[in-house]
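So the chains spell out like this:
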Amino acid sequence: MRPDRLTLTAFGPYAGRQMIDFAALGVQRLFLITGPTGAGKTSVLDGLCYALFGESSGAERTDAHLRSQHAEPGQETSAELDFALGEALYRIRRNPAQPRPGRSSAIPAEAVLWRLTTTGPVVLADKVRAVNEAVHGLLGYRAEEFRQVVVLPQGRFRELLTAAPGERQSILRTLFRTTLYQRIEAGLKRTTAEAEQSLRVQDAIRLRSLADLGAESLAAAEALRQGVALRVAEAQGRAEAARAAEAAAAARKREGDEAQARLTALAQTRERVAHLAAQAPQAEAMRARLALAARAAGLAAEGATALAAREAATRAAREAAEAATAAERSAAGFARATAALQAAEAGEATAQARLEQAKALRALAETARRAAAINQEVQAAAAAHGLAARAAAGARAKAEAAATQAAAAAATRAATAEAAAQAERHRLVIAAGSSLARDAADLSGLAEAHRRHTAAQARAAQAQLAADRRVAAARTALAEAETNWRADAAHALASGLAKGAPCPVCGSTHHPTPARASGNAVPDLSLLRREEAGALAEQAEAREAYAAARAETAATEARRQQLAGRAGAGAGPDAAPLASSLAAARAALPAAEAAQRALPDLTRATERAASLAAATRDAAAQAEAALNAAALRRAGAEAAARERAGDLPPEAADPAALILRAEAAEQAGRAALDALRSGRDVSAAAGRAASAGAARAETTAAEAARLATAALAAQSGLDGAAQAAGFADAAALAEASLPAAEAEAMRRNLDAYGQAMAVAEAMQAEAMTRAEGLSPPDLPALDLAARIAAGAAQAASAEAAMAGNDLGRMDEGLARLRKAEAELILARQAFETRKSLSDLTAGQNPQRLSLEGFVLKSLLEESLAAANRRLSGMLGGRYRLRAREEPERRNAAVGLDLEVQDDWTGTLRPAATLSGGEGFCASLALALGLADTVQAHAGARRIDALFIDEGFGTLDAESLDTAMEVLMSLPGRDRLVGVVSHVDSLRDRIPARLEVTPGRRGSTAVFRFG
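Residue numbers run consecutively from 1 along every chain, following the written order of its sequence. Reporting in this predicted model follows two pLDDT cut-offs: at least 70 for local features of residues, and 80 or more for side-chain atom pairs to be given and counted; totals over whole chains, interfaces and linings ignore these cut-offs and use all residues. Values reported for side chains reflect all heavy atoms of the structure, with hydrogen atoms and water molecules removed beforehand.

## Here's the deal with the overall build of the chain
Each helix and strand in the chain was counted, giving 21 helices and 17 strands. In the chain, the proportion of contacts linking residues at least 24 apart, taken out of those at least 6 apart, comes to 77%. Only the protein chains shown count as cover for residues, with accessible areas throughout obtained via the Shrake-Rupley method and a probe of 1.4 Å. Accessible surface for the chain amounts to roughly 55,300 Å². Of this, 56% is attributable to carbon and sulfur atoms. Under the scheme used here, helices are H or I runs from DSSP no shorter than 4 residues and strands are E runs no shorter than 2 residues, and both carry numbers assigned from the N terminus. By definition, residues are in contact when any of their heavy atoms lie within 4.5 Å.

## Some points on the nonpolar core
Membership of the largest hydrophobic core comes to 48 residues, with the highest contact counts inside it found for Phe-31, Leu-52, Phe-53 and Ile-92. Per-element accounting of this core gives the leading share, eight residues, to helix α1 (residues 41–53). Not counting residues within four places of it along the chain, the set of residues in contact with Phe-31 comprises Phe-22, Leu-25, Phe-947, Leu-976, Val-977, Gly-978, Val-979, Ile-990, Ala-992, Leu-994 and Phe-1007. Residues belong to one nonpolar core when they are buried, are Ala, Val, Leu, Ile, Met, Phe, Trp, Tyr or Cys, and are joined through side-chain atoms within 4.5 Å. Under the scheme applied here, a residue whose accessible area is under 20% of the maximum for its type counts as buried, over 50% as exposed, and between as partly exposed, the area being computed with a 1.4 Å probe on protein chains only. Core analysis: the second largest hydrophobic core is formed by 43 residues, Ala-911, Leu-928, Leu-967 and Leu-986 among them.

## Re helix α8 (residues 280–297)
An ideal rise of 1.5 Å per residue puts 26 Å on 18 residues; α8 measures up with 26 Å between its terminal C-alpha atoms. Those residues of α8 that sit buried are Ala-283, Leu-290, Ala-293 and Ala-296. Down the axis of α8, the smallest arc covering the buried residues is 130°, so these residues share one side. By this rule the span expected of a helix is its residue count minus one, scaled by 1.5 Å. This arc describes the spread of directions from the helix axis toward the C-beta atoms.

## Topic: the environment of Leu-230
Positionally, Leu-230 belongs in helix α7 (residues 218–277). Remark: the alpha-carbon pair of Leu-230 and Ala-803, spanning 573 residues in sequence, is separated by 9.6 Å.

## Here we look at the side chain of Gln-197
Mapped onto the secondary structure, Gln-197 falls in helix α6 (residues 179–213). Apart from residues no more than four positions distant in its own chain, Gln-197 is found in contact with Tyr-546 and Arg-550.

## Overview of the packing of α7 against helix α17 (residues 779–841)
Axes here refer to lines fitted to C-alpha atoms; in helices the fit is confined to the stretch in contact. Angles between the N-to-C directions go from 0 to 180 degrees. Packing of α7 against α17 leaves a shortest axis separation of 7 Å and a crossing angle of 160°. When the axes of α7 and α17 are compared, the pair comes out roughly antiparallel. Crossing angle aside, the handedness with which α7 passes α17 is left-handed. A per-class count over the contact of α7 with α17 returns 26 nonpolar, five polar and 14 charged. If an angle is under 35 degrees, it is roughly parallel; if it is over 145, roughly antiparallel; if it lies from 65 to 115, roughly perpendicular; otherwise it is oblique. Helix crossings get a hand from a simple test, with the near helix turned counterclockwise from the far one by less than a right angle marking a left-handed crossing and a clockwise turn marking a right-handed one. For this classification, Asp, Glu, Lys and Arg are treated as charged, while Ala, Val, Leu, Ile, Met, Phe, Trp, Tyr, Cys and Pro are nonpolar and the rest, including Gly, are polar.

## Concerning the pattern of salt bridges
Opposite charge on two side chains permits them to pair, given that their charged atoms come into close proximity. Whenever a carboxyl oxygen of Asp or Glu lies within 4 Å of a side-chain nitrogen of Lys or Arg, that contact is scored as a salt bridge. This model, assessed by the stated rule, comprises 32 salt bridges. The residue Arg-91 makes a salt bridge to Glu-80 at a minimum N-O spacing of 4.0 Å. Placement of Arg-91 in strand β5 (residues 88–95) and of Glu-80 in strand β4 (residues 78–85) is noted, with a sequence separation of 11 residues between them. Classification of Glu-80 by relative accessible area gives buried; the value is 15%. With a shortest N-O distance of 2.7 Å, Arg-91 and Asp-82 are connected by a salt bridge. Each of Arg-5, Glu-80, Asp-82, Arg-91 and Arg-93 takes part in salt bridges that share partners, so that together they form one network.

## Some points on unusual backbone geometry
Despite not being glycine, Ala-10 shows a phi value in the positive range, around 50°. Relative to the elements of secondary structure, Ala-10 occurs in strand β1 (residues 2–11).

## Some thoughts on the sheet that holds strand β12 (residues 898–902)
When DSSP finds two or more bridges between a pair of strands, those strands are recorded as paired. One open sheet accounts for three strands, arranged β11-β12-β13; its pairing is antiparallel. Unpaired on one side and paired on the other, β11 (879–883) and β13 (907–910) mark the two borders of the sheet. The mean angle between the axes of side-by-side strands here comes to 35°, regardless of whether they run parallel or antiparallel. Sheet analysis places β11 next to β12, joined by five bridges and oriented antiparallel. Bridging across to β12, Ala-883 finds its partner in Leu-898. Sheet contacts for helix α18 (residues 851–871): β11 and β12; angle to β11, the most-contacted strand, approximately 180°.

## Describing the pairing of strand β17 (residues 1004–1009)
Here six bridges tie strand β16 (residues 992–997) to β17, and the two strands are oriented antiparallel to one another. Bridging across to β17, Ala-992 finds its partner in Phe-1009.

## Some words on the environment of Ala-393
Within the secondary structure layout, Ala-393 lies in helix α10 (residues 348–420). Exposure remark for Ala-393: the relative accessible area of 39% places this residue in the partly exposed category. For Ala-393 and Ala-623, which are 230 residues apart along the polypeptide, the C-alpha to C-alpha distance reads 8.4 Å.

## Quick notes on the pairing of strand β14 (residues 945–948)
Working note: regular strand, side chains alternate between the two faces of the sheet. Of the two faces of β14, both are covered, the one formed by Ala-945 and Phe-947 as well as the one formed by Leu-946 and Ile-948. Alignment of β14 against strand β15 (residues 976–980), held across four bridges, turns out to be parallel. Its bridge partner lying in β15, Ile-948 is registered against Val-979.

## Here we look at the packing of aromatic side chains
Side-chain rings of Phe, Tyr and Trp, where Trp is taken by its six-membered ring, are said to pair if the distance between their centres is within 6.5 Å; with planes under 30 degrees apart they count as stacked, over 60 as edge-to-face, and otherwise as tilted. The full count for this structure, using the stated rule, is seven aromatic pairs. Arranged with centres 6.4 Å apart and planes meeting at 70°, the rings of Phe-22 and Phe-1007 form a pair that is edge-to-face. Taken together, the residues Phe-22 in the loop between β2 (14–21) and β3 (30–34) and Phe-1007 in strand β17 connect sequence positions 985 residues apart. When the ring of Phe-1007 is compared with that of Phe-1009, the centres are 6.4 Å apart and the planes differ by 15°; the resulting orientation is stacked. Its relative accessible area of 39% is what places Phe-1009 among the partly exposed residues.

## Digging into the sheet that holds β4
What the six strands build is an open sheet, ordered β2-β1-β4-β5-β8-β9; its pairing is antiparallel. The open sheet is flanked by β2 and β9 (120–125), the only strands paired with a single partner. Taken over all neighbouring pairs, the strand axes of this sheet differ in orientation by 20° on average, direction set aside. As paired strands, strand β8 (residues 110–117) and β9 are joined by five bridges and run antiparallel to one another. Bridging across to β9, Thr-117 finds its partner in Gly-120. The strands that α1 touches are β1, β2, β4 and β5; relative to β1, the one it contacts most, it runs at about 105°. Sheet contacts for helix α2 (residues 128–139): β4, β5, β8 and β9; angle to β8, the most-contacted strand, approximately 45°.

## Remarks on helix α16 (residues 740–770)
The α-helix advances 3.6 residues per turn, and as a result positions three or four apart in sequence lie on the same side. For α16, with 31 residues, the first-to-last C-alpha span of 45 Å sits near the 45 Å given by 1.5 Å per residue. Within the sequence span of α16, burial applies to Ala-743, Met-746, Leu-750, Tyr-753, Met-757, Ala-760 and Ala-767. Looking at the buried residues of α16, the elements they touch are α7 and α8.

## Re the environment of Arg-452
Looking at the element boundaries, Arg-452 is found in helix α11 (residues 423–494). For Arg-452, a relative accessible area of 46% gives the class partly exposed. Taking the C-alpha atoms as reference points, Arg-452 and Thr-553, separated by 101 residues in sequence, lie 8.6 Å from one another.

And the structure:
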């Protein structure tokens, strides 16, 4: 990869659009990036790295630091790079996330990748993620590898050459990213500890299983199981015999119950027949009442006709009375309406006169209103003239104050911009020092956390041991209680045996050895089982707590070791100056950041103040013009008022009173006319209602007389028919009648009575047949014998069940024991395998190399081979770098200690003994060798560019000459080499320079030659 052109916009110190055209170097492949401290030399490398990968060239500079503090609010930050891969040309542009002007939301990050062809650019990817993947596919690098291969940081590889093995190990870890191997070693160590703990747990499980079975070995436990199986077979035989005796006693009890049931049924049927026979007279009376009702039902039609005639006559009489009353009310209403109409017609003339008076008053009020409006215009013009005068004076004062404020705002903005320019430098210092401070603080906190977790793990182990003991105690108590209960139950059965009487369990009349009581109090078995279950639950919780505590301890220890390695690498002789710089930067940063935050507001405030000054000047001129116009309007309004005042009569002084009088007269006239129209309508309606009421009263009276005559005739006919049917009169006929529902209910009752008597007599005959020849049984004796046999069978079954439970628990315990034995073997094999592998990767081998140490040693040897190929062309080929076979100190990292072989003298010596120039050459050769090794192992494409940020200011003249010879040899194979330095003497030695110049409005970068 070869960069061709880099364009930065509002990026870092570059406020506008800054283009850096590397093609302008022509055949010169070595150039110097120079400028004062803080000018923006490193920002060129940031722009190059950000364009390709979306990250800066230093981890301490984040996206938030990339936007230029000098940029205008509406200008977007971007980095664009044209680069070549072989013959193919590409362009990539990225915009970091940045504030959206005038809005609270931010503009999201953007990225686009093109391939440049002869027909124009072709988009390859236009999303950030897609562009990242495309760049990685083209280059084969991520940002970390790129920074290691392309940018050689200041002083880092001189430090690598002379560092102690432990420090060199930390540097190589960063370069080659071997934390993977550290994680592998830690993972193996962790899994070994877990396997060892699992082995202990499996052994404890096996021991607990043996303790639960009360045996010392698997063979002893199997022998115990055979004895329990024999007891189970004997108990099951006794239970079978007891169940047979129980079945025989139960059969005898069922036969007695059946005989008693038949005798009871016979007695109940006899009682039922006698009860029904006593109800026969009532049934006969019900039949006679139904016959009388049947004769009355023959005259139902005549009775209904007479009833309907009476009801019709009653309704007609009521309607005739209501019609007569309504006719009287209608006649009275017509008389009242006629009198009201006559009174309204008498006031019609007065109403017309009041309407005419209202018209005259309204005309006079309108004239008075126009005069009052002219007077108001005079007052408004006078007030406007006063306001215009005050506004003109105020505008002149505001214009003067705005001019003063504009000058003050400009001065404040200039001072704030000067302070804001220092914020970025302070942030870089703070970011560099804070990382080490955080690691030290975290390490201190983790040490205390590790002690707490270790103590918690010990407490959890004690709690687990106590829980195991409680489970064993609970199981022992339960077993003893069950044994005592079985002995007491057998004794209770044996105490009821009599000589020569059959046993209620087995039926035998011989009782040679009755069971004896245990002699111990039997506790509540259910309570003991709950206590056992509670102990098992506590045991499970204790085991989980121990596992959690052990995991927390391991995690804390791993994190503590990681931080200890990082903190140890940063605790060098430069710690005190770094702390001092960090404190100074932290003290100064708030003020600088406050200045940065305030700068946009101050800029806008300065612009607003200038605009306000111009606006107030214009407003003052407009106020003077308005004052003159207001004076002219006031004079015109006063002349019109004087002219209108001579045309009004004295009574027009109050227009509102005239309007009120006009409205009162108008309302009175209209009310009188409305009353006249309403009286005429009411009188006509009352006359029509009176005529209709008289006609209806006459009609309803005639209909009522006709219906009364018809009712009398119907009643006379009903009386004659009742006497002819054998009833005294119509009242006797009505008393003999029955409602249809009541008569139907009587018939259903008679039918039910007959059916019940037939069923009762049939059941009585059947019961007599079933009870023939039976005598009453002795049910209490049969019931007692059945309960005794059932109790004996239950006790025998319980004994068999308990024996079976013992055998089941024994089988479960044996299964757990066999499983524990097998898992113990597997756990021991797993632990031994992991232990040997963990020891090997942790350095417990003949070479005393850990897995990571082996990888680092191999990569360092490969890097030294590449470095020696370069170093052979420097310093007359005198020196070669090599790894010391045995470390100088016993605890140093094996294979990472460097020494220099002097081929002129044939001796070996430490690298730190090289002179300044020799050390620079060796350091640079080692740096380039490491870069080649990193590139080779990253599997990336060749990158034809190299940027060296080295401390040339520390070299003497001779060493600088040597360094320049080396730099001049680097651009071989068309490699572009950029040297970042502010050393003035390099300007004369390197003709091609990218000069970075700072300014109040941002930095600029220009290529210069010669």
